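# Notes for the structure review
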Amino acid sequence: MKFGHLLNSHTHYLYRVMALIVAFWTVSTAGYFLGSPGTGPLQNDYSVLIYTYINDFWIACVIGISIFFPFLLLNKINSKSAIIFSNIAFISAALMQMMLVAYYYSARTPLGADFLGYSSRDIFLSSINSEDFSILLVLAFLACPILMLVLEHVLIKRIANIHYRRAFFIAIVATGIFRIVMPCPSIEMGQNKIEYFVGDIIQSKINNDLIYKNSGNPDNDYPLLRPIDETKNVLGPFFTLKAEIPNLVFIVLEGFGSDFTGAGAEYPGFTPFLDSLALQSLNWKNFVCNSGRSFGVLPSLFGSLPFGTNGFLELEDFPSHLSLISILKANNFLTSYYEGSNSSFDRKLNFLEYHGIERLIDEKSYGPEYERIESNSAGFSWGYADHEIYTKALSSFNSNSNPRLDIIITQTAHEPFMFPGRSIYELKIDKFLEKSKLSNIKKSIIVSNKKIFASLKYADDALKKFMDDYKQKNEFENTIFIITGDHRLIPIPHKDVLSRFHVPFMIYSPLIKKPEQFSSVSSHLDVTPSISALLKAKYYLQMPEKIAWMGAGLDTARQFRNDHTIPLIRYKGLIQDLILDTMILSRDKIYRISKEFNAYEIDDPEKYDQIEIKLNEFRALNNYVTSENKIYPKLKNKWIESRNPLTSAQLAQVQHLTQNLEIDGIFEMARTEAFENHFEIAQLLCAFILLKNPEYIDARILKGRALAWDQQYEKAEEELTSAIQRAPYYEDGYLALLDVFWWSNQDEKAALVVSEATRIGINSAQIEFKLAKACKRMNQIDKAKSLLAGLILEYPENQEFKSFYETF
């Protein structure tokens, strides 16, 4: 009886494994045919789908074997618990496969070790930003467990013959052999997504452990440190600079890869303005970004910095370092940053705050006159499109100030590719295709991704409008524009391993003697060294005697060559790419780079070993300088003001209080402490939150209120004023500041705050009520009564308004 029961439970377990296989096949089939049709490199190659089925079969069996042993142990104790355990495990595997397949067909790249480089908040924002996020995905998620249970039931009822089970075991052996002898036509597309996800994380951990063990201490304590004069002023001969220091305007175009721009584009014709601007500029045709996603552009472009493990911005505490931002700020440049989304995403804000950016404009800074990107079905909007970003920047420029450093980050050519007037631009794409001589394959890809190509055209038009408007400003004649892409957008098929990093880069200015086209290779790491050298050679700016740039400076050779060693981080946690000479090592394969900047795989063990040594040297250096704070000596870094308001003892106290709570949980704790009159603890917790996320406005407001409740009115005013500057359209900041002025008897200031709130369109009953109270105390009785009468008329049920009116 016991043997029969055991055999029966094992048989049912086998059917659960079969159900998992069918679930994997269902998910893979749905993803292949429904997920972003036409964008895959082998979309019509059904051998990829067959290979996927084989991989799904094998991995489902591996999962089944892995779970079988704990199932067996649990079954001896309690059979029902064993069944529940195995069902939960298999359903979880099916759900995981579904989510990973959905991610792949949305992002066109599998999810791997980069998952570890994002915070839970960033993952949530990324997962709901897609236009395709809908109730259908939620329903599919809920239907998956039901599918698994139904499949198991059907298999038990329909496949009870022992011959089927024997055939199943034969299939396992055959699949294992097939995987060994048959190469996959497309590793990323044909591989089981759970296998890729787990394998990539394990490989990343192994690589990081090896790097850590081999890092050691180099002979030079600060190996990147070198005299600033070693960077030659290669740009000087191309400029006729004026006596006045020029403005610098950096424009970083989201998703703009060279596959879509310039004469050699794979998909030409979508960026006519940028293409024309390149012919009027110093233009580098063979230029690369250093990261495959947006997280790397700020530290590479403005700091010429190493990567850390998951990108420099993910370092918990930034090592001491310099940037173009901090150096120019020390030389009285007004430094400003403009984007249309959330600047705290990818910790961009932390980097900018470290360097003391003076004006930061992100999605919280736009008023009702700006059109916000339409929300998707999940209620999420990525912020404001390029036209709105440029308009906001133009309205914020101060023409009469000191020289400016303006950084503009666009975002339209990014998932979910939503922007005002998209339908109009999609019609333009239709008209473009009618006249285009592109191949039918490329036309098919464009049609299947019309919204993406429409976003490129929109972004190009927005850039043209910005440049045309800027030309009307007096300072145009003394402005240098540095324009580049952050990385090549991901969803469109990449022609080779280099395509992801190949981006436009040009320097446009009326100060240029004549346009030039350069075929030499440079990267974002080379920009800050060369811009610094250009300004240093002409103007008496304060510059550090030594710098720690990763880059050597832009190469202005007109012929095709590469004198740089260029490390690349494809995504967070993956440093497996490096360009040396005219070779690129990528994921354990070596490719030759042609004059047309295409990559072709070659078999050259000697070259492979040479580049691999360089890659490992960079990995060791990168780990050492970022983990040991050995980029730039802190004691010599007068360019960075200390912005850590907490001592080691205070940090330890926060750690003890919070026990590794998420940041929102810490905020709730701070609220509780404040309401219980533990003001110092509340202020400490808020200070810690703001250290991690300076744009956590509610924490800044709570800190201001806690200071005021502790009767530290000046500090409260400073904190709340900062909150309003960062989020000028957020009513709570004004209400809190008005309370401070009420408690501290500063009624004139309260009136000014209300005036500013009204000016930008914040019309709030509570703000008007606080103004009425201030007016009464300033003996402006008529104005106070008039305000209250209007409030009572609009809100007749509000007893607080009526009660205060009766005090007159």
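Look up: the structure comes first, before these words.
Here goes a summary of the coordinates provided. (Residues numbered from 1 in each chain as written. Predicted model: local features only at pLDDT ≥ 70, side-chain atom pairs only at ≥ 80, totals over all residues. Heavy atoms only, no water.)

### A closer look at the overall build of the chain
Along its length, the chain carries 28 helices and 15 strands. In the chain, which comprises 808 residues, the share counted as buried stands at 56%. Summarising the internal contacts of the chain: among those between residues at least 6 apart in sequence, 76% fall at separations of at least 24. (Helix = DSSP H or I, 4+ residues; strand = E, 2+ residues; numbered from the N terminus. Buried < 20%, exposed > 50% of the residue type's maximum accessible area, 1.4 Å probe, protein only. Contact = heavy atoms within 4.5 Å.)

### Overview of unusual backbone geometry
Both trends apply: most residues other than glycine have a negative phi, and most peptide bonds are in trans. The omega angle of the peptide bond from E415 to P416 is 10°, so this bond is cis rather than trans. Within the secondary structure, P416 is located in the loop between β6 (404-409) and α14 (422-435). With phi around 65°, N677 is a residue other than glycine that occupies positive phi space. Overall, the relative accessible area of 54% leaves N677 in the exposed class.

### A closer look at the sheet that holds strand β9 (residues 516-523)
With mixed pairing, 8 strands are arranged side by side in an open sheet as β5-β4-β6-β2-β7-β8-β3-β9. Looking at strand neighbours, the two that pair on one side only are β5 (359-361) and β9, the edges of this open sheet. The sheet shows a mean angle of 15° between the axes of neighbouring strands, taken without regard to direction. Two elements, strand β3 (residues 282-288) and β9, share 6 bridges in a ladder whose sense is parallel. Bridge pairing links W284 to F518 in β9. (Pairing = 2+ DSSP bridges. Axes fitted to C-alpha atoms, helices over the stretch in contact; angles between N-to-C directions.)

### Topic: the pairing of strand β12 (residues 577-580)
By the alternation rule, side chains of β12 split into D577 and I579 and L578 and L580, which are all buried. Here strand β11 (residues 565-568) runs beside β12; their pairing, made up of 4 bridges, is antiparallel. Residue pairing in the sheet places T565 in a bridge with L580 of β12. Where β12 lies against strand β13 (residues 583-586), 4 bridges are found, and the strand directions are antiparallel. Following the sheet pairing, D577 is matched in β13 by S586. Where β12 folds back on β13, the antiparallel hairpin that results is connected by 2 residues, among which D581 adopts a positive phi of roughly 55°.

### Quick notes on the environment of I512
Note that I512 resides in the loop between β8 (505-508) and β9. With relative accessibility at 11%, the residue I512 sits in the buried group. When the C-alpha positions of I512 and T240 are compared, they lie 6.2 Å apart, and in sequence the two are 272 residues distant. Leave out the neighbours within four places in its chain, and I512 touches F238, F239, S281, L282 and I507.

The values reported here are purely geometric and, on their own, carry no functional implication.
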